[in-house]
Amino acid sequence: MEVSFLEIKDLPQVEELQARYREYNERYFENILPREITIEWSKRMTSAAGSCNYRKKIIKISVWYHLKYPEEIDNTLLHEMIHLIVPGHGPKFKAYLIKLQEQGANVSRHSKEKAKDPRWLYVCPKCQTSFKSYNRYLNLYICRHCKSNFKEYKLNDFKEYL
């Protein structure tokens, strides 16, 4: 799926995301989150709806996921805002999640699905073990079951394994 400028233009601009961040920081976090933060759209994120680097104060939001689910933008932003305080998805994260939900926030622990479908399929020709991947492996893996080399297929060219 190629993303055109028009499709990205249909998603909120970064300035709008920054405004939502400030609003949610005040409403749900009592302004304890950093005032200065970078929020950006990412075309490279194919497996997650968003990510947060709390040390660098950067929130990235997947273009691919939110073209499919534009109604999930606020959910993703709030989820990543929690990560500015709590890394990981352990008990502290869950406690913050519940606290925000009790205040009326639409936020969840997991996204609906991966942001983009895998592009590559690796199949063992001997035992038919297979796995899908978002990334292409330049060094082909050896099957742990029968020690054969996996064959690589681009998924849109190889429909019978879908």
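All values derive from a computational prediction rather than experimental measurement.

Conventions adopted
Residues numbered from 1 in each chain as written. Predicted model: local features only at pLDDT ≥ 70, side-chain atom pairs only at ≥ 80, totals over all residues. Heavy atoms only, no water. Pairing = 2+ DSSP bridges. Helix = DSSP H or I, 4+ residues; strand = E, 2+ residues; numbered from the N terminus. Axes fitted to C-alpha atoms, helices over the stretch in contact; angles between N-to-C directions. Core = buried A, V, L, I, M, F, W, Y, C linked by side-chain atoms within 4.5 Å. Buried < 20%, exposed > 50% of the residue type's maximum accessible area, 1.4 Å probe, protein only. Contact = heavy atoms within 4.5 Å.

Novice: Explanation requested: the sheet that holds strand β6 (residues 151-154) in the structure shown.
Specialist: Strands pair in a sheet through their backbones, by hydrogen bonds, and they do so in one of two ways: parallel or antiparallel. Pairing is antiparallel across the open sheet formed by three strands, whose spatial order is β5-β4-β6. Of all the strands in the sheet, the pair left with one neighbour each is β5 (130-133) and β6. Between one strand and the next, the sheet's axes are offset by a mean angle of 25°, whatever the strand orientation. Where strand β4 (residues 120-123) and β6 come together, four bridges link them in antiparallel fashion. The partner of Y122 across the bridge, within β6, is E152.

Novice: Just checking my understanding: could you explain the sheet that holds strand β3 (residues 58-62) for this structure?
Specialist: The mixed open sheet is built from three strands, whose spatial order is β1-β3-β2. The open sheet has two edge strands, β1 (38-42) and β2 (50-53), and neither has a second partner. Put simply, the sheet's adjacent strands are angled 15° from each other on average, direction ignored. Across five bridges, the pairing between β1 and β3 is parallel. Bridging from a neighbouring strand, T38 pairs with I58 of β3.

Novice: Any chance you could explain the nonpolar core here in plain terms?
Specialist: Nonpolar side chains in soluble globular proteins tend to end up buried together. Core analysis: the biggest nonpolar cluster contains 27 residues, and F29, I39, I59, L78, M81, I82 and L100 have the highest contact counts within it. Contributing elements (two or more residues each) for this core: α2 (14-29), β1, β3, α4 (73-83) and α5 (91-102). Not counting the four nearest positions on each side in its chain, I59 is found in contact with I37, T38, I39, E40, S51, C52, L77, E80, M81 and L84. Core analysis: the second largest hydrophobic core is formed by five residues, W120, Y122, C143 and F150 among them.

Novice: Honestly, the pairing of β3 in this entry has me stumped. Any pointers?
Specialist: Working note: regular strand, side chains alternate between the two faces of the sheet. Examined bridge by bridge, β2 and β3 share four bridges and lie antiparallel to one another. Each residue of the ladder has a partner; that of S51, found in β3, is K60. As consecutive antiparallel partners, β2 and β3 are separated by four residues, and within that stretch K57 has a phi angle of approximately 60°, a positive value.

Novice: In this structure, what is going on with the environment of R119? I would like to understand it.
Specialist: Along the polypeptide, R119 turns up in the loop between α5 and β4. When its relative accessible area of 40% is taken as the criterion, R119 is described as partly exposed. Each C-alpha atom of the pair R119 and Y134 lies 5.3 Å from the other, and the pair is 15 residues apart in sequence.

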